[in-house]
Each structure stands twice: as C-alpha cells, then as structure tokens.
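# A structural walkthrough
Listed below are the residues making up each chain.
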Amino acid sequence: MRYLLVIVFLVGYNLSFAQQSIRLNEGWRFLREDLGGIWEAVRPAGKGDPETVPLWTKVTLPHSANERDAVDPDVNYYEGPMWYKTRLDIRNPYNQGRTLLHFEGAGQKSEVYVYTTKVGSHVGGYDEWSVDITDAVKAFKLNDSLFKAFKGKIPIAIRCDNSRDLEMMPSDLSDFNLYGGLYRYVNLVYEPALYIDKVFAAPKVSLNQKNADLNVSVRFANPDNMKSGKLSVQLKDPSGVVVKQFEKQIDKFSGDIQVADLQIQAPRLWSTNDPVVYTLETRISSKAGEHTSISPVGFRHFEFVKKGPFKLNGKRLLLRGTHRHEDFAGEGPAMTENQMREEMVLMKNMGVNFIRLAHYQQSPIILHLCDSLGILVWEEIPWCRGGLGGPVYQAQGKRMLTNLIEQHYNHPAVIIWGLGNENDWPNDFPEFDKQKIRGYFTELNNLAHRLDPARKTAIRRCDFAKDIVDVYSPSIWAGWYRGIYTEYKGITKAEFDKVDHFLHVEWGGDSHARRHSENPDKGLQDIKATGAADERAGDASLFGGAARASKDGDWSESYICNLFDWHLKEQETMPWLTGTAMWVFKDFSTPVRPDNPVPYVNQKGVVERDLTKKESYYVFQSYWTDKPMAHIYGHSWPVRWGKDGEEKMIKVYSNCEVAELFVNGKSYGNRKRNSQNFPAAGLRWNVPMHKGTYTAIVVASKGARTIRDTIHFQYQTDVWAAPSVVTLEKIGEQNGIATIEAKVFDKNHVQCLDAKNWIHFGLAGDGKLIDDLGTSTGSKKVQMYNGRAIIRVHTNNGKSVASAKVDGLPVAFVSL
C-alpha cells in the first residue's frame, strides 16, 4: 500500500486531531453487495484460491458505490450494504501509543473490523469520526501464525450501508442522493497515550477598542490515565510570527479545560476580501510523548442588524452567496482535495463571499478553503424534509449537530449553524405534528447556543418555526416555481418585514447547458403575477399544477440569465438586504428528478457537474467581481435563427465601464454600463442579421485595462418543420477520445433549432461511451439542445459503431 504521510506542521487542514496522519488512498478492494460474514472479507488467499467469489475490485479512496449509477437513466441508484478491505503496515512510533482510523465522512452507516473483531461503528454519513484500533491490532500481532499468514500486515474491513431507513437523517425523499461508501478521506493516525482530542478557540473582537480576546479550551484523550503534562500554547500570525505564548503544568485531563484567555492587541481582522488566518499551536508533553494540535483562528466581528443588513467588522457587507452539494461527474461524492479546491476557487472567482453548505456537514477541506479564500459559511445538519422521526432519529440529529459544531468550531468562516431545511414537508411518517417539530427545533436551538454562544442559528422554509431561530429564510423562487421574476423585490421585502433577521437562501432556476433561445419568455404568458413566490408541493414536477416557468418554460440558458440578471440588479437597490444565496453553484444528482433534460440531475447550477461553466456564471461575475471581465453571451450557441434582416440582440456581461461591439469588422458603437439598465446592464446591441457566418468581438475598458472577448456563430433563416431525420458524425478526436454530435433535421434537411427531443446514444465495438456523468455532453440519454447533442467515446485504439436514436425517427450510425 502507498501512503500519503500528513504531518500537522505541513498540512493546512484537519489538524486538530492528529500529531501524525497517514492518508490511506491506495490498496483498497471493494464489493458492492453484502457478505455472509466478516470472514469472507479477511480470509487469507491460499494456493489455488483465487478469491473470485465474491468478486472484489481494486479502488482508490475517496470512493463511492454510486460514482456513476446515481445518474444512470436506466437504473435506480444502489442503496444497500458494501464492503471495503485493505491490509495495513501499522508501526506506531509512540511507546504505548494509540492507533486510530479517522474517517472524514462515510455513508451512511459504517462498521469497522480488525481481522474478525468489530472495533467500532458509526451512524451518519457526513460528520467525522474515529475508531481506536490499538487493542485489536495488539491482539492480532500476538497471534504469531496469523501475523505471519498476513505477512506482517493488519487486515482491515469496513462495511458501509446506505440502505433506506426512515429512522435516519436525512430523508430518502430529500432532493439529493444518500450516497454510500468511503467517499471522504480515511486516515491512519498515530497518537501518544496522552493527546489532544479537540481545541476550542473562541475569539471575541472589540471594534471600539481595536483589540481581541482569545479563549482557549482543550479536551484531552487520556486512555492510560497519565497524571501530569506540560501544556504550551502559541498563537502565530499569518507570517508565522509568535504574537502570544505561554506554558503551564496540567494535572487534570477530564472534560473541557479552559487553559487560556489571551488578550490580542490590534489583531488583523479576517474579512472576505482579506481572509487573515492566525494559527494556534497547542502542545501537550508528558511521559507518553509530545502531541501538537494546530487550529485556525480568525478575528472578526459580525452582526445581523435587527430589521437591517449584515455587517462584518462594523461595515455593511452584502452577502453574495451560493450553495454546494458534495457531488461530481464520474465520482459522485468522492471528490479529491484538488477537485474541491478547483470548485471553491471557481466560486471565489465568480465573486462569492458566502456559501450555504447544503444540506449536511461537509469535508473539513471545504471549511479550510472557505477560511483561506474568504467565504462566509452557513453549515447545517441533514434534517431535510421528512417530518420528525422517533427517539433514534432525534438522537442522531442532536449528535450530528454536536459533532458539526465541535468539529468546525474553530473556522472563522462559519457564522451560522443550520438546524433544518424544508421541515414543513410531511413525507416519511404518518404523524405530522407541528408542535412536536417546533419542540425539536427548540431543543436543537438551545443545544447549538450552549455549544457555541457566538454564532447564529438558522432554518430555511418552515414558517411555523421561524420565530425559534436567530435567522430565517423563507421560500422565494420568483420566476421559477411561482410567479414572475419581476416580483422578486416586492415579495422579498414583504418576507423581510416578517422577521427580525432575514437571509434569503435558495433562489434561481434550472437551465439545460447549451440550450439557448431567441425568445426565452415564449410559453410563459399564462404565468400570472401572484404576489407570492414560495415553492409548494409538486412544483418540482414537470407535469400538472399551476403554470410556472419550472414546468412551462424552455429551461434555456437564455431565460435563466435574464432571471439572474434581474435579481442581481434589484439586489443593488435593496440597502436593507442582508444578502442571498442562489441555488446552486454546481449541478448535482438527485433521485427525485428522473424526467429532467439530464435525467436524475438538478440543473440549477451555474456550472455543470464537471465544473464546465454555463453562461450564467458570467452574469454573476459581472455584478460581483472587480477584476475586469467581459463575456459575450452565446459561446455555446453555434447557430442562431430568425428572419432575413431581423435585428438580433447581442448581450455582453461585463463589469467594465464601457464596451464597444464589432460584428464582422463593423463597429456598432459604445455602451456604458448601468446596472439598472436591464438586461445586461445596458451592454447590448441590436444587430441586423442575414444568412451566413458571424464573428462578434467586444472590447471593454475599466480604468486603464482593456479586455476582449470573441464568439463565432451561424445565422439560419430557413424555417424548419417537424424533425424527420437524425444525423450522427464525429466532430473531433484527441488523445484517444472521439467527440460525436447528433443533429435533427426536417424533411428538407433544415436543422430544427428548437428541437428538444430525447436522444439515446449507443455504442458497439472496441470503444466505450463516456456516459453517466450527469452532464449535457456526458449522458447516454439526454434532451437535445437546439436540435443537437454531443457525447464522447474512448476509442481504445479500435473500431466501434456509435448510434443515435430519437423516438419515431430512423436510427443514425457512425463508424469510429
């Protein structure tokens, strides 16, 4: 097995639990079914025993059983038991030290075995947990014959299970997959016999006196009942300079021990533009050895003004937010650290300064990235829909809230602990008692404030409990699930006035990537302004119910850009607004949306599931960022259409002060940006078009900076009838991956540019479809975008025949 050694002095995340940690990525085998017993997982292979029944496969962690089946249009995603196994070379460097397996998250129930001995278990797919395997490892090593049979390695087996369970959070009816597997990092941890379990660093900033206090408490693990030790504490600024330090003898190790109350003169304040992170090094030295814990510390002051805006460090800050699900094309939830970093940097580059981590505790890596990038956090437990279960269910919620707060307590980015989401949906249980739900919310709220008095509590969309928490978010989906988007400001102000502290999380709508429209509002004429924009039962369905954009709209990028554009320009004129968080940054898989244009994918992201940007990404960037940018709408719109000589609007999303558009070499003049000039803040031009090829170039200026953007497209004037034929051709190949494109034409071979037909791709031969990615170009079943659809093929240096089938039309083939 190859190990990644993580020493706390070198690594920037998840440092409060370990002196030395080995990330266990390689050397794992996986089985997506149950076993007859633990012996089947750990038995040594002998001569003539190929160990093929059951068949284990090699995997690398992080890994999920649902890496692809969550978006497979032909099956339900796997929910059930699964097994992982490996053999570890365990060499604890500490005399009488403790050896732990630390899990950054595993779904959804887990059991851990050393050989045939069960050493621990955990319920809950999202919080961190550890199992002490010291005694079981020692017992195994004492059995000489066994130890030799396994060549000095320790057999480890882990059973995960994401089976449906009504008495477990979250509800199976939540709008996201309940993934199974070791989908976050697993670490082998070596500790001395006395070590620091947790550090709680509580900064308090006085803006008037320009100083801060830092209260430090420590929780120790002392399994050998050590009697004394020397504790040293150092606070270092971002450059590594020690600003405070002290030492003291400790002779008590039970409970949470307050060890210091430090006064810091004129600390640098953490903010979203200047995320200054200090480092707290806490060290315990004893006869058992030395153990150091490293924790982030950020000095900042925040306030939700009663009936007013949000302030950070005494100044108003409009929270410009989004949401994140732990989900990625081809990986499910099993994202690597590099993938997480890429995603969070994309968010920051879009201008995000706030995120709601929905709807569960997320990887510690994400929290450290929020600290370092300057992104404020609302993080919550997975009490999502489903009503309220019994004692086991309720105990899990309290346990997960406790773990969430204790494990992420030191992150300066966190300002809100979320207690629930959409808990007014009576789904899972025959009883739906609002008073019992209120009672449980009250218990959670009290628990959160007892564990962390400094931060706020919040819930989203449960009006009958909105008075319990500190901050409330109602359901407002103007222009998508209810009403029209021009109602947004009025509806929001009415909801704002109902509570003391308001924050609007979840708004926006779906868009099918690469689908564009010359008239995105067509079909919405039956939608009436109602003065209400709340999401109601059944609104996510594409069938039945009241007229709404989510059902009757075209799901084009053109429409959603207009919706976002309107919301953002209105937010600039709402001085009382704390902020918002649009739903959601990235498309993600969900079992409750099989009929979406990409099956089983919630398509409300501004990037696709593989982080490919949609056009709407640039709408936000034009409002939320300072670095000069300009983007002509339509980079993924190869063919526009209309009458000969008809004027067509070309829009530019930019934060620059002025822009000039050139089309086929001709200037169409300058436009000055004005955020209140909808759409595109006035950066739009009407250009007469004729059949042919066009190149549009924008030259935009901000101060002394000038930037350009270019697009190319065709303009089609021929009118089409109903689709009559499908074509399929290879349009490119690189590094053994061929790209194929299907198109539909009418009987006169005019491309049907508004066609939304379902298309099914197939392949026979040496190659393999790159499918089940949950993206517009990575799905074997997908709705077309403007009469076309794309997929890719691993050719494997062989020959294949690809097919494209649209119901009612002859099948198209292409040889590769």
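Treat the numbers as computed from the prediction; the structure is a model and nothing was measured. (Residues numbered from 1 in each chain as written. Predicted model: local features only at pLDDT ≥ 70, side-chain atom pairs only at ≥ 80, totals over all residues. Heavy atoms only, no water.)

Our focus in this paragraph is the overall build of the chain. Counting its secondary structure elements, the chain contains 11 helices and 47 strands. Its C-alpha atoms give the chain a radius of gyration of 28 Å, near enough to 28 Å, the size a compact globule of 816 residues would have. The principal-axis extent of the C-alpha atoms belonging to the chain is close to 90 × 75 × 60 Å. Buried positions account for 61% of the 816 residues belonging to the chain. Contacts in the chain between residues far apart in sequence, at least 24 positions, make up 72% of those at least 6 positions apart. When the 101 basic and 97 acidic side-chain charges of the chain are each reduced to a single mean position, those positions are 3 Å apart. (Helix = DSSP H or I, 4+ residues; strand = E, 2+ residues; numbered from the N terminus. Rg over C-alpha atoms; globule rule 2.2 N^0.38 Å. Buried < 20%, exposed > 50% of the residue type's maximum accessible area, 1.4 Å probe, protein only. Contact = heavy atoms within 4.5 Å. Lys, Arg positive; Asp, Glu negative; His and termini not counted. Charge placed at Lys NZ, Arg CZ, Asp CG, Glu CD.)

Moving on, we come to helix α11 (residues 616-624). Within α11, nine of the nine residues are buried, which leaves the element mostly enclosed by the surrounding structure. Those residues of α11 not exposed but buried are S616, Y617, Y618, V619, F620, Q621, S622, Y623 and W624.

Inspection of every chain in the model, using the stated rule, returns 40 aromatic pairs. On the numbers, 6.3 Å between centres and 85° between planes, the contact of F140 with F147 is edge-to-face. Relative to F150, the ring of F140 lies with its centre 5.6 Å away and its plane at 70°, an arrangement referred to as edge-to-face. Here F150 lies in the loop between α3 (144-149) and β10 (154-161) and F140 lies in helix α2 (residues 134-142), a separation of 10 residues in the sequence. Among the aromatic residues, those joined into a ring-pair cluster are W480, Y485, W555, Y559, W566 and F678. Across from the ring centre of W566, 3.9 Å away, lies the NZ or CZ of K569, which sits over that ring. The ring of W758 carries the charged tip of K781 above its face, separated from the ring centre by 4.9 Å. (Phe/Tyr/Trp six-rings, centres within 6.5 Å; stacked < 30°, edge-to-face > 60°. Lys NZ or Arg CZ within 6 Å of the ring centre and 35° of its normal.)

Here the amide bond leading from L61 into P62 is cis, since omega sits at 0°, within 30 degrees of zero. Within the secondary structure, P62 sits in the loop between β4 (57-59) and β5 (81-88). One non-glycine residue, N225, adopts positive backbone phi at about 55°. As for its placement among the helices and strands, N225 is situated in the loop between β13 (211-221) and β14 (229-236).

Sheet architecture is open: five strands sit in the order β33-β39-β38-β35-β36, paired in mixed fashion. If you trace the sheet from one side to the other, it starts and ends with β33 (639-641) and β36 (666-672), each paired once. Sheet twist, expressed as the mean angle between neighbouring strand axes with direction ignored, is 30°. Relative to β36, strand β35 (residues 658-663) runs antiparallel, the two sharing five bridges. Within the sheet, the bridge partner assigned to A659 lies in β36 and is R671. (Pairing = 2+ DSSP bridges. Axes fitted to C-alpha atoms, helices over the stretch in contact; angles between N-to-C directions.)

Quick look at the pairing of strand β26 (residues 456-460) now. Among the five residues of β26, four are classified as buried, and the element is accordingly described as predominantly covered. Bridge count between strand β25 (residues 414-421) and β26: five bridges; the pairing is parallel. Bridge pairing links I416 to K456 in β26. Handedness of the crossover joining β25 and β26 through helix α7 (residues 434-451): right-handed. Relative to strand β27 (residues 471-473), β26 runs parallel, the two sharing three bridges. Within the sheet, the bridge partner assigned to I459 lies in β27 and is Y472. (Right-handed = clockwise from strand over helix to strand, strands pointing away.)

This part covers the pattern of salt bridges. Under the definition given, this model contains 50 salt bridges. The salt bridge involving R460 is made with E422; its shortest N-O contact spans 2.8 Å. Of this pair, R460 sits in strand β26 while E422 is found in the loop between β25 and α7, placing the two residues 38 residues apart along the sequence. Residue K569 is joined to E570 by a salt bridge in which the shortest nitrogen-to-oxygen separation is 3.3 Å. (Salt bridge = Lys/Arg side-chain N within 4 Å of Asp/Glu carboxyl O.)

We now examine the confidence of the model for the chain. When pLDDT is averaged along the chain, the result is 95, and 97% of the positions lie at 70 or above. Between residues 1-18, whose pLDDT stays under 50, and residues either more than four places distant or in other chains, the model counts 66 contacts. (pLDDT = per-residue confidence, 0-100.)

Contact geometry of helix α10 (residues 557-571) with α11 gives a least axis separation of 9 Å together with a crossing angle of 20°. By the angle between their directions, the pair α10 and α11 is classed as roughly parallel. In terms of crossing hand, the pair formed by α10 and α11 is right-handed. From α10, E557, I560, C561, F564, D565, L568 and K569 reach across to α11, where they touch S616, V619, F620, Y623 and W624. Among the residues forming the contact of α10 with α11, the class breakdown is eight nonpolar, one polar and three charged. (Parallel < 35°, antiparallel > 145°, perpendicular 65-115°, else oblique. Left-handed = near helix turned anticlockwise from the far one by under 90°. Nonpolar A, V, L, I, M, F, W, Y, C, P; charged D, E, K, R; others polar.)

Among the nonpolar cores identified, the biggest contains 155 residues, and W383 and F761 are the most heavily contacted of them. Not counting residues within four places of it along the chain, the set of residues in contact with F761 comprises L728, I740, A742, L769, S779, K780, V782, A789, I790, I791, S803 and A804. Counting 44 residues, the second largest nonpolar core, distinct from the first, contains W28, L61, I90 and V112. (Core = buried A, V, L, I, M, F, W, Y, C linked by side-chain atoms within 4.5 Å.)

Adjacent strands of a sheet pair through backbone hydrogen bonds, lying either parallel or antiparallel. Sheet architecture is open: four strands sit in the order β40-β41-β45-β43, paired in antiparallel fashion. Looking at the sheet topology across the chains shown, the edges are occupied by β40 (725-734) and β43 (768-770). Shown here is a sheet whose adjacent strand axes are inclined to one another by a mean of 35°, direction ignored. Here nine bridges tie β40 to strand β41 (residues 737-745), and the two strands are oriented antiparallel to one another. Bridge pairing in β41 links T727 to K743.

Compared with an ideal rise of 1.5 Å per residue, which puts 14 residues at 20 Å, helix α4 (residues 337-350) spans 20 Å between its outermost C-alpha atoms and is within 8% of the ideal. Where α4 terminates, the next one or two residues include G351, which has phi positive at roughly 105°. (Expected span 1.5 Å × (residues − 1).)

All right, on to the packing of α4 against α11 then. A packed helix pair is summarised by two numbers, namely the angle formed by the two axes and the spacing between the axes. Where α4 meets α11, the closest approach of the two axes is 8 Å, and the angle between their N-to-C directions is 50°. With respect to α11, the element α4 is oriented oblique. Residue-level inspection shows L346, N349 and M350 of α4 in contact with α11, the latter providing Y617, F620, Q621 and W624. When its residues are assigned to classes, the contact of α4 with α11 shows five nonpolar, two polar and no charged.

Bringing a nonpolar patch on the surface into the picture now. Taken together, V801, V811 and F813 make up a surface patch of nonpolar side chains, about 260 Å² in accessible area. Relative to the elements of secondary structure, V801 occurs in strand β46 (residues 800-805). (Patch = residues over 30% accessible without salt bridge, like charges linked within 9 Å, V, L, I, M, F, W, Y side chains within 5 Å. Areas by Shrake-Rupley, 256 points an atom, 1.4 Å probe, with all protein chains shown as cover.)

Along the chain, Y488 turns up in helix α8 (residues 488-496). For Y488 and A478, which are 10 residues apart along the polypeptide, the C-alpha to C-alpha distance reads 5.4 Å. Contact partners of Y488, with chain neighbours within four places excluded, come to A478, H504, H567, E570, Q571, M574, L577 and T580. Polar side-chain contacts of Y488 include one of 3.2 Å to the side chain of Q571. (Polar contact = N/O pair within 3.5 Å; in protein donor to acceptor, adjacent residues only side chain to side chain.)

Structurally, the position occupied by H567 is in helix α10. A polar atom in the side chain of H567 sits 2.9 Å from the backbone oxygen of L563. Once residues within four sequence positions are removed from consideration, H567 is found in contact with A478, Y485, Y488 and W507.

You can see L369 is positioned in helix α5 (residues 364-373). Between the C-alpha atom of L369 and that of D610, which follows or precedes it by 241 residues, the distance is 19 Å. Filtering out sequence-adjacent residues up to four positions away, L369 remains in contact with M340, R341 and M344.

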